[in-house]
Amino acid sequence: MKRAVLSLLAVCSLVSLTGCGALVSVALSDQSSSQSEEEPADPYALEIGKEVQVGAYSITVTKLKIVNDWDGNKVLKITYDWKNNSGEATSPFVSTIFRGFQDGVETDWAHVSDHIDLTKHMKEAKPGASIIGVEDGIGIADMSKPLVIELEEMFSFDNQTYTMRIDDLNAL
């Protein structure tokens, strides 16, 4: 009996709401909430502060900044923490690589800048050791276009590529 009364009240409420358009907004809000369910996170997304495993190395990008190279061209300076999880001594320089793409074309590899210190990039670390504050640079062809950053292991055939897209370089 209670179920029948509740059903009748629900139908009456819906019919009364139809005249003022609330039914449409309720239907739309139900539809949009089902569409806005979170999609699974991209396991190969490169984000500031998120540690990723690139082959036998752990990398956490800590900062992005626009600087100039010696010729006055814009460069994206990438600062990151690097850990050697491999079984032999190596350096960030020979283990992983950052690359940039604009309009699907690789940008220049920009290391020649007073604002990028390559000292830590070249240092060798024993297995299990970390280097904090490694710096690298990616050339920028056009500040008005998005830049896609890719991070990969230097010598690998597993095609594991982490990516980050920066739509507004001027905001950095």
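Predicted, not measured: the structure shown is a model, and the values here were computed from it. (Residues numbered from 1 in each chain as written. Predicted model: local features only at pLDDT ≥ 70, side-chain atom pairs only at ≥ 80, totals over all residues. Heavy atoms only, no water.)

### Considerations on the overall build of the protein
Phase 1: When its secondary structure is counted, the protein shows 4 helices and 8 strands.
Phase 2: If you list the helices and strands of the protein from N to C, you get α-α-β-β-β-α-β-β-α-β-β-β.
Phase 3: Counting the 172 residues in the protein, one finds 34% classified as buried.
Phase 4: Contacts in the protein between residues at least 24 apart in sequence constitute 64% of all its contacts with a sequence separation of at least 6.
Phase 5: Looking at the protein as shown, the accessible area adds up to about 10,800 Å², and 55% of this sits on carbon and sulfur atoms. (Helix = DSSP H or I, 4+ residues; strand = E, 2+ residues; numbered from the N terminus. Buried < 20%, exposed > 50% of the residue type's maximum accessible area, 1.4 Å probe, protein only. Contact = heavy atoms within 4.5 Å. Areas by Shrake-Rupley, 256 points an atom, 1.4 Å probe, with all protein chains shown as cover.)

### Section: the pairing of strand E7 (residues 147-153)
Phase 1: Most of E7 is tucked away: 6 of the 7 residues are buried.
Phase 2: Examined bridge by bridge, strand E4 (residues 96-102) and E7 share 6 bridges and lie antiparallel to one another. Bridge pairing in E7 links Thr96 to Glu153.
Phase 3: Bridge analysis of E7 against strand E8 (residues 162-166) gives 5 bridges, and the strand direction is antiparallel. Bridging from a neighbouring strand, Leu147 pairs with Ile166 of E8. (Pairing = 2+ DSSP bridges.)

### What about the sheet that holds strand E6 (residues 130-139)?
Phase 1: Taken in spatial order, the 4 strands of this open sheet run E1-E2-E3-E6, and their pairing is antiparallel. Since the sheet does not close on itself, it has two edges, and those belong to strand E1 (51-54) and E6, each with one partner. The mean angle between the axes of side-by-side strands here comes to 40°, regardless of whether they run parallel or antiparallel.
Phase 2: Pairing geometry for strand E3 (residues 74-84) and E6, over 8 bridges, is antiparallel. In the sheet register, Ile78 faces E6, and the bridge partner there is Asp136. (Axes fitted to C-alpha atoms, helices over the stretch in contact; angles between N-to-C directions.)

### Quick word on the pattern of salt bridges
Phase 1: Enumeration over the complete set of coordinates arrives at 5 salt bridges.
Phase 2: Among the salt bridges present, the one from Lys145 reaches Asp103, with a minimum N-O distance of 2.7 Å. In this pair, Lys145 sits in the loop between E6 and E7 while Asp103 sits in the loop between E4 and strand E5 (105-106), placing the two residues 42 residues apart along the sequence.
Phase 3: In this structure Lys145 comes out as partly exposed when scored by relative accessible area, which is 32%.
Phase 4: The partner of Arg165 in a salt bridge is Asp167, and the shortest N-O contact between them spans 2.5 Å.
Phase 5: Counted as one network, the salt bridges with shared partners bring together Arg99, Glu150 and Glu152. (Salt bridge = Lys/Arg side-chain N within 4 Å of Asp/Glu carboxyl O.)

### What about the environment of Thr163?
Phase 1: Tracing the sequence through the fold places Thr163 in strand E8.
Phase 2: We classify Thr163 as partly exposed; its relative accessible area is 30%.
Phase 3: A C-alpha to C-alpha distance of 6.4 Å links Thr163 and Leu151, two positions 12 residues apart in sequence.
Phase 4: The contacts of Thr163, once residues within four sequence positions are left out, are Tyr44, Ala45, Leu46, Ile149 and Glu150.

### Side note on the packing of aromatic side chains
Phase 1: Counted according to the given criterion, the structure contains 3 aromatic pairs.
Phase 2: On the numbers, 5.2 Å between centres and 65° between planes, the contact of Tyr44 with Tyr162 is edge-to-face. Here Tyr162 lies in strand E8 and Tyr44 lies in the loop between helix H2 (22-35) and E1, a separation of 118 residues in the sequence.
Phase 3: The interplanar angle of 55° and the centroid separation of 5.0 Å between the aromatic rings of Tyr80 and Phe98 together place this pair among those described as tilted. With Tyr80 in strand E3 and Phe98 in strand E4, the pair connects residues that are 18 residues apart, well separated along the chain. Taken individually, Tyr80 and Phe98 each receive the classification buried, so the pair is uniform in this respect. (Phe/Tyr/Trp six-rings, centres within 6.5 Å; stacked < 30°, edge-to-face > 60°.)

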